Amino acid sequence: MPSWPTTAVEAIAVQEKLRGLVEVVDVGPAPRYVAGLDVAYDGDRLAAAVVVLDRGTLREVDRAVVRGETTFPYVPGLFAFREVPALLAALERLTTRPELLVCDGQGLAHPRRFGLACHLGVLTGISAIGAAKTTFVGTHAHPAPERGATADLLDGDEVVGAAVRTQDAVKPVYVSVGHRVSLPTAVEHVLHLAPRYRLPETTRVADRACREGLQGG
DNA sequence: GCGACAG
DNA sequence: ATCTTGTCGC
């Protein structure tokens, strides 16, 4: 974590500097190992978890949970600075190297087009996508009620992501490009990873893992 | 100026 | 994120 920003001004400067490194096209073959990342909090204590699932079976093959303390407050637009340090530490402790990071938050659907998924992708060089429960920037038409339906997430006239219906009649999940993946591919991944519930299995398993890590460990 | 604002 | 039980519905 060399020269990690401390202030909002510094953090924004980092985003402006790294945003140009984001790659919005598909790179590499279809991933086999996909990771889910999430962080849970209890005051200033936190637990970050990265779980790795086999994309074919959706079975967990590896996981790493690290505990620590917050070093940056939650500021809309600077969310990554709060979670990235702990998530990178967890990623380093994995035995299996994931080929896709499914992040709990936005990728390009961010005010400066550099959300958590872009940040983690650029720093690790691993393909990444954002799968958020709510929008941050952008508006969209209502996708059809059937699973698989999508609607462009538009910020002005720019498509920054997609509202994806992962199950019939459930609220959409907001998908956006993080790094080295195209938007259509990102949407395919999320649909594949959510065969039964609204959220991708990667997110569900990671959410449980970090909550457990907050208590036990 | 005022409200909204990923997790 | 987190505070928080039961309850309505498929």
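Residues numbered from 1 in each chain as written. Chains lettered and ligands numbered in written order. Predicted model: local features only at pLDDT ≥ 70, side-chain atom pairs only at ≥ 80, totals over all residues. Heavy atoms only, no water.

**A closer look at the overall build of chain A**
A count of helices and strands for chain A gives 5 helices and 8 strands. For 217 residues, the compact-globule estimate of 2.2 N^0.38 gives 17 Å, and chain A sits close to it at 16 Å. If one aligns the C-alpha atoms of chain A with their principal axes, the spans along those axes are about 40 × 40 × 35 Å. The burial tally for chain A puts 52% of its 217 residues in the buried class. Look at the contacts in chain A between residues 6 or more apart in sequence, and 65% of them connect residues 24 or more apart. Of the roughly 10,100 Å² that chain A leaves accessible, carbon and sulfur atoms contribute 52%. Averaging the coordinates of the 23 positive side-chain charges in chain A and doing the same for the 25 negative ones gives two points 4 Å apart. (Helix = DSSP H or I, 4+ residues; strand = E, 2+ residues; numbered from the N terminus. Rg over C-alpha atoms; globule rule 2.2 N^0.38 Å. Buried < 20%, exposed > 50% of the residue type's maximum accessible area, 1.4 Å probe, protein only. Contact = heavy atoms within 4.5 Å. Areas by Shrake-Rupley, 256 points an atom, 1.4 Å probe, with all protein chains shown as cover. Lys, Arg positive; Asp, Glu negative; His and termini not counted. Charge placed at Lys NZ, Arg CZ, Asp CG, Glu CD.)

**Overview of the UniProt feature "site: Interaction with target DNA" (unreviewed entry) in chain A**
Feature annotation in UniProt places "site: Interaction with target DNA" (unreviewed entry) on Tyr74, given in this structure's numbering. Topologically, Tyr74 is positioned in the loop between strand 3 (60–69) and helix 2 (80–92). Residue Tyr74 is classed as exposed on the basis of its relative accessible area of 51%. Tyr74 has contacts with Phe79 and Arg82, leaving out every residue within four places of it along the chain. (UniProt positions renumbered as here; feature names shortened; annotations may be inferred.)

**Here's the deal with the environment of Gly217**
Tracing the sequence through the fold places Gly217 in the segment after helix 5 (201–215). Residue Gly217 is classed as exposed on the basis of its relative accessible area of 96%.

**Looking at the protein's contact with DNA strand B**
Contacts to DNA strand B come from 16 residues, most closely from Tyr74, Phe79, Gln106, Lys133 and Thr134. Within 4 Å of the protein, atoms of DNA strand B come from sugar and phosphate in 47% of cases. The separation between a phosphate oxygen of DNA strand B and a polar main-chain atom of Lys133 is 2.9 Å. Within the contact set of DNA strand B, a phosphate oxygen lies 3.0 Å away from a side-chain nitrogen or oxygen of Thr134. Its residues assigned to classes, the surface near DNA strand B comprises 7 nonpolar, 6 polar and 3 charged. (Near = heavy atom within 4 Å. Polar contact = N/O pair within 3.5 Å; in protein donor to acceptor, adjacent residues only side chain to side chain. Nonpolar A, V, L, I, M, F, W, Y, C, P; charged D, E, K, R; others polar.)

**Considerations on the protein's contact with DNA strand C**
Around DNA strand C lies a shell formed by Ala40, Tyr41 and Lys133. At 3.5 Å, a backbone N or O of Tyr41 approaches a phosphate oxygen of DNA strand C. At 3.4 Å from a phosphate oxygen of DNA strand C is found a side-chain nitrogen or oxygen belonging to Lys133.

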